[in-house]
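Structure at a glance
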Amino acid sequence: MKKVFLAFIVIICLSINSYNAYSKSNCLKEIIPSGLNSKNILSYLEENNLVGLVSKICSKDICYTLNTSDLKGDINIFVNKNINYLKEKNNEAAIEAELKGFGIEKLIIYVC
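Computed from a predicted model, the values in this text were never measured in an experiment.

Procedures and definitions
- Residues numbered from 1 in each chain as written.
- Predicted model: local features only at pLDDT ≥ 70, side-chain atom pairs only at ≥ 80, totals over all residues.
- Heavy atoms only, no water.
- Pairing = 2+ DSSP bridges.
- Helix = DSSP H or I, 4+ residues; strand = E, 2+ residues; numbered from the N terminus.
- Axes fitted to C-alpha atoms, helices over the stretch in contact; angles between N-to-C directions.
- Salt bridge = Lys/Arg side-chain N within 4 Å of Asp/Glu carboxyl O.
- Buried < 20%, exposed > 50% of the residue type's maximum accessible area, 1.4 Å probe, protein only.

1. Concerning the sheet that holds strand β1 (residues 28–31)
Read from one edge to the other, the open sheet built from four strands follows the order β1-β4-β2-β3, with strand pairing classed as antiparallel. Looking at which strands have only one partner, the edges of the open sheet turn out to be β1 and β3 (63–65). Between one strand axis and the next, the sheet turns by 20° as a mean value, whatever way the strands run. Bridge count for β1 against strand β4 (residues 104–110) is four bridges, and the pairing is antiparallel. Note that in β4 the partner of E30 across the bridge is I108.

Structure follows, in structure tokens:
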């Protein structure tokens, strides 16, 4: 009888955890901003009250998952990864991206 009761408790706990994981994935929304680049991404997030809500930030080539506790540092890491990627493909494009910034294609945010 104890084994059946324990098995029942384990099944209930697993179903609750599965439901929470499923519902969190439904809370994601994709924003496609226009005219946003790597130089003004932090001010865009602050002006639109998106600080703490952003899950991922994507450029044309790279997507990066942000940590909300160190947003500025994570954005710098994302910019450096993108510039290093561009250096491997085309050095002139990397220099231009470093000076002018590169386009941000989409932001994935939590809406729940």
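2. Some words on the pattern of salt bridges
Inspection of every chain in the model, using the stated rule, returns one salt bridge. The partner of K106 in a salt bridge is E30, with the nearest N and O atoms 3.6 Å apart. Of this pair, K106 sits in strand β4 while E30 sits in strand β1, placing them 76 residues apart in sequence. Assessed through its relative accessible area of 26%, K106 is described here as partly exposed. Overall, the relative accessible area of 44% leaves E30 in the partly exposed class.

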